[in-house]
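# Structural overview for review
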Amino acid sequence: MKLLALHLTNVRKFTGKRASIAGISDGITVVSEANEFGKSTFFDAIYALFFEKFSSSAKSVKSLQPYAGGAVEVAADVETEDGSFRVEKRFLSRKAAKISRLPDGAVVAQDDEAERWISSLLGSASEGPAGLLWVRQGLVGLEPDSAKEKSQLMETRRDLLSSVAGEIDAMTGGRRMDRVMRRVADSLGEITTKTGRKTGAWKATSDEVGVLEAEFNSVTTQVQALDKALTDRRQAEASLKRLDNADAKARRGDAFAAAKDAMDQAHAYAGAVTTARQDCDLAGLKAKSSETELDAFLKAIETLQTAEKQARDSSDEANEANQWANRLKTALDKARNVHKNAIDAVAETRRQLNVSRHQIAARKAKAEATHLESQITKAEIALGERDVARAIAKASLATPEWFRQAELAQGEVSKCNAAVEAQVTTLRMAYDGTARITQNGAIVPADQHITLDGETLFDLPGIGRMAIHAQAVGEEGRARLATAKGSLKNILSQAGASTLLEARTLAAARAEAETKAHLAQAVLDTLAPNGTEAMRAAKADADLAATGAHESELPAIASLETHLTQAEQAEEKARGLLSSTDVEHASARETSIKLRAAAETAERALEQAKADAGPEETRDSRRAERLRLQLQSQQALTEAEAELQALITAAPDLDTAKAGLKRAEDAVNAAVQERAQVSERLAALSSEIRTLAGNGIEERRDELAGHLEAANAAEAQFAQQVAALTRLQSALDAERDAARDTYFGPVQEELKPLLSILHRDAALSFDSDSLLPSGLLRDHAEETLDDLSGGTKEQIAILTRLAFARLFARQGRHMPIILDDALVYSDDDRIIKMFTALTRVAQGQQIIVFSCRQLAFQDLGGARPKIEVVDV
């Protein structure tokens, strides 16, 4: 059987959708998609299709049903020796099974007959070959956890190997061999344990040998100790003579005195070096101080030059502005005179020259006071607006961060609401004639979306009733929507809002208040840069000036009447000129004040720079003095460093002198200590020799040697007997192993070339009970499967399945190998080798691989169909 295509409808994540994999090749097919894309869903669906009854409600079948419920449909296009067919099953709802021939779609079998057709195709009522060849996600070893599944797969393996290798009894070698092997084992058991340890008569003889050997070794050790004591005494006497030599004592004394003199000289030089180093450090500090003072002085001169230029420039700009203000002041005075004359001319016609002149002067002062009053009023209004706006902004909790959190919460509500709406089924009616559909007696309106939840009944006039079963909205989605709305409500309530629109309004109001505060402050800074009190003082001056009017004589009434019109026109023109000149003069005066303030600031900076640089007449001499001191301190530093280096070069090494003195002192002390130790050792050796020589240990050693020889001969006979029995047992085991090799030979034959791809000259040993690999033989050592790494066990499990697939193919039972996320524990080198093994087997075997490791499985090759999903 070969798989051609797979189709899932309403399975797990594919709710209300049809997912298909087409274009499955005869060799390797790799379905490589990201996690949670549905690969394991396909594997579980295939398993249910071939090994679960269509009427089953087993856990493995129910696990395929999506949360929304509904029937689960699984189909596979397969190719057999009889042609191509589609195998289909519908589970859980309107249960059915069907086999149809491709491409004409003729039904071959249905329901129970379809199940029998599938069993015949698989060759077994249980899992059959597929149980050996299909690897679920997460299964690293060769057997599942279920005892039932283990038993089924055990029988499948036994049937396969028996049919390939012959009778199972070929493994045993017959009952006769069993009797012989039991007799050999019983004979060995009388004198050895199952682990090969000695027991019975052999152990008693061995224990006797141990006791004799222990006593013989003890006596031999005493004899050796006597010989060693005599030798050590001769050596101790020679050492004592050497240590008492007068010339050697004199040489050690002279060496100690010379080392002491060298140590004293080194200490003297070390003190001189320390003093020179302190002088050098002091000279360095003085040189650094002189350099710092020189740099500070030069920096002060540079700062002074810059300040002088800035002061000149600022003074020039202030003088120019002042001159322009003075010119405008002259023009203003002239305009005032013209205006005054015009007023006089008008006043002379009214016989009230002094009152009119006083009123004109008072009008001018009043205009000035009015202007100042207006400016004061505007400044106070700006100050009030600023304080009010700041209070509003401070009182509002609708900060930009709060509004951003509200928008995020609103977005979550919208997303949850959209998710809920996405699950809602709607109906919209469009009528052509006069007939109308009703629901519960009410006409269903046209061009309106009606939300359907669960089963909804409609009456169709002249036709009957129609029931629409809509998908129910999930409680989980509603719960998430309620949670999102609650979160939004909590955030909005923090600033007193109930909707996002109110929140936006509150945030905008707070932002507007902050803007008003900034604008009011800017207006306040422009109108009253020096404060409102200064403006009120100027207004008081203007009010006082308004009372300074005085009177003069009036000309004739007739003359005033004649020139009244001309005087009024002249006065109006003079008043206009005076007003424009006054505004221009005020602007020029304000500029002059600002520039004068800047000039004063520059002048203060200049005075500070002059103070830092000192009197000008002493700058050159101070610069020269600092240069001299810097040069002098640098020269003193150089001389101190040279003197220090000379002392360091000439000084003997203090550590070497210390080592020499210690060596000489240690030599003297060591000689004294050694003589005491040798004297003590000589006395102890003499006592030991007297004790050992009086015990007759040499005669006892010869007696024990004879007894030990006889006991060793008796134990050797037991050892020969055990060796003979062991060789016989090994020969019998070899015969049984040969019979076992006949049984496992076919699968070993298939495994050998595959295993050599991973491990050169390696082999697998098989367990006679489980009929599965039990160990890996490599590098002349066998490792059990439990001792292997997870990656190696996974690789051996897959290679064994490939070998079983080859054996099934020998019998004409072609089954695809399906691997779901396998090789997860393989490193880069091993996975490439496993790809080679898969490719080798795929030359005559269909292999389907599901994997999320898209990058790693690029090197496998083979067909690469995609999972296609469409709505149904």
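Model, not experiment: these values are computed from the prediction. (Residues numbered from 1 in each chain as written. Predicted model: local features only at pLDDT ≥ 70, side-chain atom pairs only at ≥ 80, totals over all residues. Heavy atoms only, no water.)

### Quick notes on the sheet that holds strand β7 (residues 107–110)
Strand order in the open sheet made by the seven strands is β7-β6-β5-β4-β1-β2-β20, with antiparallel pairing throughout. Every other strand in the sheet has two partners, leaving β7 and β20 (867–871) as the edge strands with one partner each. In this sheet, adjacent strand axes meet at a mean angle of 15° when their direction is disregarded. As judged from the nine bridges shared by strand β4 (residues 72–80) and strand β5 (residues 83–91), these two strands associate in the antiparallel manner. Residue pairing across strands places Thr80 opposite Gly83, the latter belonging to β5. Against the sheet, helix α1 (residues 39–51) contacts β1 (2–11), β2 (14–21), β4, β5 and β20, and its axis sits at roughly 105° relative to β1. (Pairing = 2+ DSSP bridges. Helix = DSSP H or I, 4+ residues; strand = E, 2+ residues; numbered from the N terminus. Axes fitted to C-alpha atoms, helices over the stretch in contact; angles between N-to-C directions. Contact = heavy atoms within 4.5 Å.)

### Concerning unusual backbone geometry
Residues apart from glycine generally show negative phi values, whereas peptide bonds are mostly found in trans. Following Leu102, the chain continues into Pro103 via a peptide bond in cis, with omega recorded as 5°. Relative to the helices and strands, Pro103 resides in the loop between β6 (96–101) and β7. Despite not being glycine, Asn440 shows a phi value in the positive range, around 55°. Mapped onto the secondary structure, Asn440 falls in the loop between β10 (438–439) and β11 (442–443).

### Quick look at the environment of Asp281
Residue position: Asp281 is located in helix α8 (residues 246–348). A residue is classified by how much of its surface remains accessible, and Asp281, at 47% relative accessible area, is partly exposed. A sequence separation of 359 residues divides Asp281 from Ala640, and the C-alpha atoms of the two residues are 8.6 Å apart. (Buried < 20%, exposed > 50% of the residue type's maximum accessible area, 1.4 Å probe, protein only.)

### Remarks on the pattern of salt bridges
Using the criterion set out here, one finds 34 salt bridges in the structure. For Asp232, the salt bridge identified is with Lys228, shortest N-O distance 2.7 Å. Here Asp232 pairs with Lys228, and both are found in helix α7 (residues 200–243), just four residues apart, close to one helical turn. In this structure Asp232 comes out as buried when scored by relative accessible area, which is 15%. Of the charged contacts, one joins Arg386 and Asp387 as a salt bridge, the two residues approaching to 3.0 Å between their closest N and O atoms. (Salt bridge = Lys/Arg side-chain N within 4 Å of Asp/Glu carboxyl O.)

### A closer look at the sheet that holds strand β15 (residues 763–766)
Strands sit in the order β15-β16-β17 across an open sheet of three strands; the sheet is antiparallel. Both edges of this open sheet fall to β15 and β17 (781–784), since each of them pairs with a single strand only. On average, each strand axis in the sheet is tilted by 30° relative to the strand beside it, whichever way the strands run. With four bridges joining them, β15 and strand β16 (residues 773–778) adopt antiparallel strand pairing. Bridged to Ser765 within β16 is Gly775.

### Focus on the packing of aromatic side chains
Under the definition given, this model contains four aromatic pairs. Look at Phe14 and Phe42: their rings are 6.2 Å apart centre to centre, the planes differ by 65°, and that puts the pair in the edge-to-face class. Note that Phe14 is positioned in strand β2 and Phe42 in helix α1, a separation of 28 residues in sequence. The exposure class of Phe14 is buried, given its relative accessible area of 4%. The buried category is assigned to Phe42, whose relative accessible area is 0%. Each ring, one from Tyr47 and one from Phe51, has its centre 5.1 Å from the other, and the planes form 50°; the classification is tilted. With Tyr47 and Phe51 both in helix α1 and four residues apart, this pair spans about one turn of that helix. According to the relative accessible area criterion, Tyr47 is buried, its value standing at 13%. Its end group placed over the ring of Tyr431, Arg436 keeps NZ or CZ at 4.3 Å from the ring centre. (Phe/Tyr/Trp six-rings, centres within 6.5 Å; stacked < 30°, edge-to-face > 60°. Lys NZ or Arg CZ within 6 Å of the ring centre and 35° of its normal.)

### Description of the pairing of β1
By the criterion of burial, β1 is predominantly enclosed, with eight of the 10 residues buried. Bridge analysis of β1 against β4 gives seven bridges, and the strand direction is antiparallel. Counterpart to His7 in the pairing with β4 is Ala75. Here β1 pairs with β2 via five bridges, running antiparallel.

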